There are 4 protein chains.
Amino acid sequence: MNSFTSITPMLERQAIELPSWAFGNSGTRFRVFGTPGTPRTPQEKIADAAQVHKHTGLAPTVALHIPWDKVDDYAALRSFANEHGVDLGTINSNTFQDEEYKFGSLAASDPAVRRRAIDHHRECIEIMHQTGSRDLKIWLADGTNYPGQDDIRRRQDNLADSLVAIYAELGDEQRLVLEYKFFEPAFYHTDVPDWGTSYVQVSALGEKALVCLDTGHHAPGTNIEFIVAQLLRLGKLGSFDFNSRFYADDDLIVGAADPFQLFRIMAEVIRGGGMDADSPVAFMLDQCHNVEAKIPGQIRSVLNVQEMTARALLIDRDALELAQFEKDVLGANAVYMDAFYTDVRPALSEWRASRGLPADPMEAFATSGYQEGIAAQRVGGTQAGWGA
Amino acid sequence: MNSFTSITPMLERQAIELPSWAFGNSGTRFRVFGTPGTPRTPQEKIADAAQVHKHTGLAPTVALHIPWDKVDDYAALRSFANEHGVDLGTINSNTFQDEEYKFGSLAASDPAVRRRAIDHHRECIEIMHQTGSRDLKIWLADGTNYPGQDDIRRRQDNLADSLVAIYAELGDEQRLVLEYKFFEPAFYHTDVPDWGTSYVQVSALGEKALVCLDTGHHAPGTNIEFIVAQLLRLGKLGSFDFNSRFYADDDLIVGAADPFQLFRIMAEVIRGGGMDADSPVAFMLDQCHNVEAKIPGQIRSVLNVQEMTARALLIDRDALELAQFEKDVLGANAVYMDAFYTDVRPALSEWRASRGLPADPMEAFATSGYQEGIAAQRVGGTQAGWGA
Amino acid sequence: MNSFTSITPMLERQAIELPSWAFGNSGTRFRVFGTPGTPRTPQEKIADAAQVHKHTGLAPTVALHIPWDKVDDYAALRSFANEHGVDLGTINSNTFQDEEYKFGSLAASDPAVRRRAIDHHRECIEIMHQTGSRDLKIWLADGTNYPGQDDIRRRQDNLADSLVAIYAELGDEQRLVLEYKFFEPAFYHTDVPDWGTSYVQVSALGEKALVCLDTGHHAPGTNIEFIVAQLLRLGKLGSFDFNSRFYADDDLIVGAADPFQLFRIMAEVIRGGGMDADSPVAFMLDQCHNVEAKIPGQIRSVLNVQEMTARALLIDRDALELAQFEKDVLGANAVYMDAFYTDVRPALSEWRASRGLPADPMEAFATSGYQEGIAAQRVGGTQAGWGA
Amino acid sequence: MNSFTSITPMLERQAIELPSWAFGNSGTRFRVFGTPGTPRTPQEKIADAAQVHKHTGLAPTVALHIPWDKVDDYAALRSFANEHGVDLGTINSNTFQDEEYKFGSLAASDPAVRRRAIDHHRECIEIMHQTGSRDLKIWLADGTNYPGQDDIRRRQDNLADSLVAIYAELGDEQRLVLEYKFFEPAFYHTDVPDWGTSYVQVSALGEKALVCLDTGHHAPGTNIEFIVAQLLRLGKLGSFDFNSRFYADDDLIVGAADPFQLFRIMAEVIRGGGMDADSPVAFMLDQCHNVEAKIPGQIRSVLNVQEMTARALLIDRDALELAQFEKDVLGANAVYMDAFYTDVRPALSEWRASRGLPADPMEAFATSGYQEGIAAQRVGGTQAGWGA
């Protein structure tokens, strides 16, 4: 197995973007539970996100969701973020909460609706110029609930046309990442349900369009690390939305449901060059904290990614390859599992401390008084959620 | 195959209860879209439900959800219903929308929360006495999102204790039906996730406690008609919540996703005596209309049940049994499929007309002007949804 | 709804290829049950397949599996087929039953194994020249059972190289179709697990390489008709392997598990031009008859495809499109379902009879004495199965 | 977290039974690959199994499969086993490989077939008296492939009757454990598909009948540790068949696909008293080694169980309960995960060595020369597989 020292250079450049919406309230269709201290403004969300970076050194950027994070002055918001030690990141569009999007957005049959959705993305790109963001992330709720409700094929063509219009607006340094999702909120068919669809759509656009892989958006039994390997091979893996799930798109803390799966995913990322210095792959969380504390939930999440990355980096690639070529099934698997079963937490704590970070970020935040402070200060107003 | 005439006696006594909440707005965690004419009160929901019965003769009762359908005077509500040609049915409790229920209700670890939830069911039983309802339906959102979050075993014991307390309050003619659900809104573990759990819990209570089977609440690949057959065999199938789904608990129109599955379910219901005159099995819809029209959605649903019941009744049981005993796999399957593939719609239309009902209930409602009327009249106020 | 008369031209050109192996014994890993009359030679399989065409007019060609159907003289085999009223069709390669393929074939890490597998495909192409076959179908059992067992990424590159070598051997009129499969017999990762992988692999080859879609090879909950629509849109749907399944790759009679799904698939095939005169889409069965009679099982299967095609052709596309544009969810769904619920069997029987075919092919075969004849004649020898 | 020293008493009494058939060849319906040294007789299987115990101290008994392990003199076989340092364990019946069982066995519609299957179990009980076995394990392949093929309800009654007949033959110290399986080899319906069915069937028999839980036999997304907790609560968990799977019943090495799931299962076993001194729960492997080495595969498997048991024993139950009662979701989860993430392998090695066992059993076996010995000696004869 590799030594811990040998893997720290790669760990050092690890960066995981946080979603601003993880700090607002979220829940299920049955109920959204609120908590004291929940942010009421984009600024408060960014301040909370900055806490995660402060204690972990892992989360230097915050993704925004438009219109949830709309402000009058994005330059000022960026300055605010910088003052808190973080920067603004990916801009996420939203075409699922207006009355007009009831039957779809970029893929909708109604041209007026498509235009509206395209214009929204234009606005997002405009914001990107102000925030200095590289990535425009598109996740679509588009789809239908009943067979026959709309024409699957026509919608796919509509989507292609809409994406061309959006892609044309991108600046030279900007990218478009298209996320796919197996199901929900559409129940019969989804217009971008799988990596294949996202791949063919972005491939038709050009080099600045890539696939976004959300770890919770696959059919049961799907081998996600295979998709990671394939997209890296094709040069089309643009970004990750990390989370985990037991059954559906549960948006749980990444690594919570199946730590070994996260390990396998990170192993393929590393194998495919996804953590190389020039890698095009962006790493981001996309989670919802329904019953657990939000800021600690995000700290736990980036630590989970870090710990599994460290374990994956420990894999002795030479020994693995040797066993593979010898067709030693148990031997190859043992090399692989040895890295997974190694407890990297003590070494990570030490390393963290050596870099001036808390050895135990969860503890550091818990005892910082920050949570108590915001609970006391953020009284009145409307807590941020998915609708605001 | 049986003649249509031979099956009308059973069709005649078919009754499918409607859920009051199907007439209010519903949606996903991403968005709830409203529609003109949506009821604002329990009375308006009942009036809408009465339209379904008026045009189909299939839906003589309406289930209430407490507290969504709370009124000051339930006797008056019942009279209101009767004047509209329907009666009140099952009372559904709700222990998932109060702040207190964030970590569970009847199964929660906190005894104060359990008491609150038990008291809520006492209140429901009190309402049942006033509404003349037979069934108290309990569906629990109880569960956890993370391994270790709570003690699975202790919660099961808590649940058993809570149910004993509720069961003790039931009147002689009243019943408790316990619904199970595979997942959601809890994502790691659900306290009543499968028929086995519901069965062992109600069996511990006594004869007046039975299982409620919601057709959308199973793991992928589950053979639901097997569960129907098993529960009928055990004398513990109390009621159905009909709906359909492609992947998760999508609450689509019953029969929309897999008509053949509905046929197989009805075939086992009939086979097991579930449609006999003295059958304990209650039939109910439990659906959410997110993008489709609500009243027509309910009409379509009860018609789907009627049509599949008719097809299932057409199965030539003697021919089927003969082929089964001869181990003629294709022959037995052919007898079964022959009934499924038979188009019963013309015969049902005629039969409906002969009983003074519209031959085409969808058309009859569409041309009745009712929808336009409520859209014009129900202006202002708050449209009913899952929260009100 | 369209009239039956209007759809007969398309029905008339429908052709469904039969797999020779459907007439041999098959089963599960637990047991393969034999039956009297099972063919012992490729000739006997073809003779049985010819019975299906004789009684249905739907199955003019028979696919061969190499080496299961190896003969010394393929020209003679073709003549034999022609004398029996059918022709030879797709050649299926087999790279999963030799000791050498234990760890893969075209994707294997061992170059000697890959060479062997490529050579086998060369041999298949050679046979295609003799049989006059257009299509070489490649389904790979390649994959691994344990994480780490082999390198996913390298195997994908190996596969690409191997396919290039095979593609180079194809004649001008020949095609290669690459089948994907979600899982089995590899349990951890499969080298061609989804349509996306098959698509990127065949796209890298050229115009004569296309995707083969086996209806049983998807994750639970997958919307297969969406994939059909997408591949037709991309011009890369080469062929279908029809069968059905309840959970895994059960290889049941097509339409047996979910007739409505088959309807939806055929509706998208028609919508996307897959049944047009110049369509590149080939239709084939790929089924295993474990407990049911084989020849009647194949007759039932092609009839199921025909019946669902007829229903799908009946869809009133103008009415459907109108309802779709009006966003009339229930109306559009009703147009769609109306076609599905229509019993086309009487019209098909009549039409069949009018063309000199048996009105009831199942009955016609059952009373033909053929089964009794082969049971009496085919005594001794080794019944054909997956291994011979 | 608990200290390692505090958990060794429980580890010391851990015993995992090995299946004799794990040492024979196994595979998929596509191919069974053989390996040099594979046993040809029950004696050779037992000798191989004894190697696992010799190197791990974890596997003192070997389960037999009848008729695969039929011998003339079971007392002699037992002596043979004892001489090799192990004992005989559970007797597994087989009612899926005779021609007569094509349409079922204990649940079949044909009374002659049921009698035959009952008689087979009588024979197994007779063997149990000679081998000194406590448990008769029944796994049934019974089910159907097509809707309508047979009567689900009648078969359930048949099964109940058959089990009564078998149960009546059990000696006072003998038990019957009934295994359930979600699907395969029956594809439409399985007669014992879920824990609920197994539970109701064994509950109808009496105290000596219990449920066998095979970890690979559930629908996707099923929370298996919930079932463990429930069955322990009901006093009806009789035994485990350990293995793992990614999608279907893949029979991979236990812990290979999802180590965290194995941890959660063991945590509930411990929580529910399943490892207490008087626990009725028997632990057994049920795996198939298709591509990996067999004896090392079994060593790896029992070590996986031991390692996950150790991790689960390390859970600080007091801290966990405290966090649970404080509704500290992340805190409780952290206590739980802390145990999972702890690397117990060094402590286990040391402890093993302190008890006179190899610190590294995999290494010890690899260097023992045993494998080379049997490969050289076991030449000729028929290698054991599922059929012999």
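Here the structure is shown first, and the text comes after it.
From a predicted model like this one, the values you see are computed outputs, not experimental measurements.

1. Observations concerning the pattern of salt bridges
With the rule as written, the count across this model stands at 117 salt bridges over all chains. Among the salt bridges present, the one from Asp157(C) reaches Arg153(C), with a minimum N-O distance of 3.5 Å. Placement of both Asp157(C) and Arg153(C) in helix α5 (residues 152-167) is noted, with a separation of 4 residues, approximately one turn of the helix. Here Arg378(D) and Asp48(D) are joined by a salt bridge, their closest N and O atoms 2.8 Å apart. A residue pair is termed long-range when its members are at least 10 positions apart, and Arg378(D) in the segment after α14 (370-377) and Asp48(D) in helix α2 (residues 42-56) qualify at 330 residues. One network of salt bridges, with partners in common, ties together Asp150(A), Arg154(A), Arg155(A), Asp191(A) and Glu321(C).

2. Brief notes about helix α8 (residues 259-271) of chain C
All names here are of chain C. The terminal C-alpha atoms of α8 lie 18 Å apart, and with 13 residues this matches the ideal 18 Å at 1.5 Å per residue to within 8%. Burial runs high along α8: 11 of the 13 residues are buried. Taken together, the buried positions of α8 are occupied by Pro259, Phe260, Leu262, Phe263, Arg264, Ile265, Met266, Ala267, Glu268, Val269 and Ile270. Gly273 lies just past α8 and shows a positive phi near 85 degrees.

3. Focus: the relation of the copies chain A and chain C
Expressed as a screw operation, the relation of chain A to chain C combines 0.0 Å of axial shift with a rotation of 180 degrees, fitting to an RMSD of 0.0 Å. The superposition operator between the copies reduces to a two-fold rotation axis. Of the C-alpha atoms belonging to chain A, the one lying closest to the rotation axis is found on Gly196(A), 2.1 Å away. Taken as a fraction of all interface residues of chain A, those also at the interface in chain C reach 100%, which identifies the copy contact as same-surface.

4. Quick word on the pairing of strand β6 (residues 175-179) of chain A
Residue and element names in this part refer to chain A. For β6, the tally of buried residues reaches 5 of 5 residues, placing the bulk of the element in the interior. Every second residue of β6 is oriented toward a common face, with Arg175, Val177 and Glu179 on one face and Leu176 and Leu178 on the other, all of them buried. The sheet contact formed by strand β4 (residues 135-138) and β6 spans 4 bridges and is parallel. What sits directly across from Ile138, in β6, is Leu178. Two elements, β6 and strand β8 (residues 209-214), share 4 bridges in a ladder whose sense is parallel. Each residue of the ladder has a partner; that of Leu178, found in β8, is Val211.

5. Brief notes about the packing of aromatic side chains
Enumeration over the complete set of coordinates arrives at 92 aromatic pairs over all chains. Taken together, the ring pairs in this structure connect Phe260(A), Phe263(A), Tyr336(A), Phe340(A), Tyr341(A), Phe260(D), Phe263(D), Tyr336(D), Phe340(D) and Tyr341(D) into an aromatic cluster. Sitting over the face of the ring of Tyr101(A), Arg116(A) holds its NZ or CZ atom 5.6 Å from the ring centroid. One cation-aromatic arrangement involves Arg355(D) over Trp351(D); the distance from NZ or CZ to the ring centre is 4.1 Å.

Rules used throughout
- Residues numbered from 1 in each chain as written.
- Chains lettered and ligands numbered in written order.
- Predicted model: local features only at pLDDT ≥ 70, side-chain atom pairs only at ≥ 80, totals over all residues.
- Heavy atoms only, no water.
- Salt bridge = Lys/Arg side-chain N within 4 Å of Asp/Glu carboxyl O.
- Helix = DSSP H or I, 4+ residues; strand = E, 2+ residues; numbered from the N terminus.
- Expected span 1.5 Å × (residues − 1).
- Buried < 20%, exposed > 50% of the residue type's maximum accessible area, 1.4 Å probe, protein only.
- Least-squares fit on C-alpha atoms with pLDDT ≥ 70 in both.
- Contact = heavy atoms within 4.5 Å.
- Pairing = 2+ DSSP bridges.
- Phe/Tyr/Trp six-rings, centres within 6.5 Å; stacked < 30°, edge-to-face > 60°.
- Lys NZ or Arg CZ within 6 Å of the ring centre and 35° of its normal.

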